[in-house]
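Remarks on the overall topology
Next come the chains, spelled out residue by residue.
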Amino acid sequence: YELADDAEGLAYLLFRDGQLRSNYLAVLDAMSGSLEEGVEPRRLLGIDVPRAVASVRYFSHLATLGDGDEALRDGCERALGLLVPDDSADAGG
């Protein structure tokens, strides 16, 4: 599934009173936890590492829009720092 634009991305996060946002945060937390335990990204995500990185970068961007979403931003920064360690300084945008 592909989100067409930022408006659609924000709608995704708000869908069903934020249920999809909560699910995404839970996935970020589980993924980050595994990576922090030493599981290599390729072992955890297989060929989908680039897709995961793109997704986390995009949702990090969405977290900066409007009033911002600190929990989403923090979750994305944590995950990006583990998926792409050299990219962690640029995770905000």
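Computed from a prediction, not measured in an experiment: that's the story for all the values here.

**Some details on the overall build of the protein**
Each helix and strand in the protein was counted, giving four helices and zero strands. Beginning at the N terminus, the succession of helices and strands in the protein can be written as α-α-α-α. Here the C-alpha radius of gyration of the protein, 13 Å, is about what a compact globule of 93 residues would show, namely 12 Å. Principal axes of the C-alpha set define a box for the protein whose edges measure 35 × 25 × 20 Å. Every one of the 93 residues in the protein was classed for burial, and the buried ones make up 31%. Of the roughly 5,900 Å² of accessible surface on the protein, a fraction of 50% belongs to carbon and sulfur atoms. Charged side chains in the protein number 8 positive and 18 negative. The centres of these two groups are separated by 7 Å.

**Overview of the nonpolar core**
One finds Leu 28, Val 56, Phe 59 and Leu 72 to be the most contacted residues of the largest nonpolar core, which totals 19 residues. Mapped by element, the contributors of at least two residues to this core are α1 (6–36), α3 (49–62) and α4 (70–83). What Leu 72 contacts, discounting residues up to four positions off in sequence, is Leu 13, Arg 21, Tyr 24, Leu 25, Leu 28, Phe 59 and Ala 63.

**Brief notes about the packing of α1 against α4**
Interaxial distance between α1 and α4 falls to 9 Å at its minimum, and their mutual angle equals 30 degrees. Regarding the angle of α1 to α4, the classification is roughly parallel. Seen from above, α1 lies across α4 with left-handed handedness. Where α1 abuts α4, its residues Leu 13, Arg 21, Tyr 24, Leu 25, Leu 28, Asp 29, Met 31, Ser 32, Gly 33, Leu 35 and Glu 36 lie against Ala 71, Leu 72, Gly 75, Cys 76, Arg 78, Ala 79, Leu 82 and Leu 83. Residue composition of the contact of α1 with α4, by class: 12 nonpolar, three polar and four charged.

Reading the values: the criteria
Residues numbered from 1 in each chain as written. Predicted model: local features only at pLDDT ≥ 70, side-chain atom pairs only at ≥ 80, totals over all residues. Heavy atoms only, no water. Helix = DSSP H or I, 4+ residues; strand = E, 2+ residues; numbered from the N terminus. Rg over C-alpha atoms; globule rule 2.2 N^0.38 Å. Buried < 20%, exposed > 50% of the residue type's maximum accessible area, 1.4 Å probe, protein only. Areas by Shrake-Rupley, 256 points an atom, 1.4 Å probe, with all protein chains shown as cover. Lys, Arg positive; Asp, Glu negative; His and termini not counted. Charge placed at Lys NZ, Arg CZ, Asp CG, Glu CD. Core = buried A, V, L, I, M, F, W, Y, C linked by side-chain atoms within 4.5 Å. Contact = heavy atoms within 4.5 Å. Axes fitted to C-alpha atoms, helices over the stretch in contact; angles between N-to-C directions. Parallel < 35°, antiparallel > 145°, perpendicular 65-115°, else oblique. Left-handed = near helix turned anticlockwise from the far one by under 90°. Nonpolar A, V, L, I, M, F, W, Y, C, P; charged D, E, K, R; others polar.

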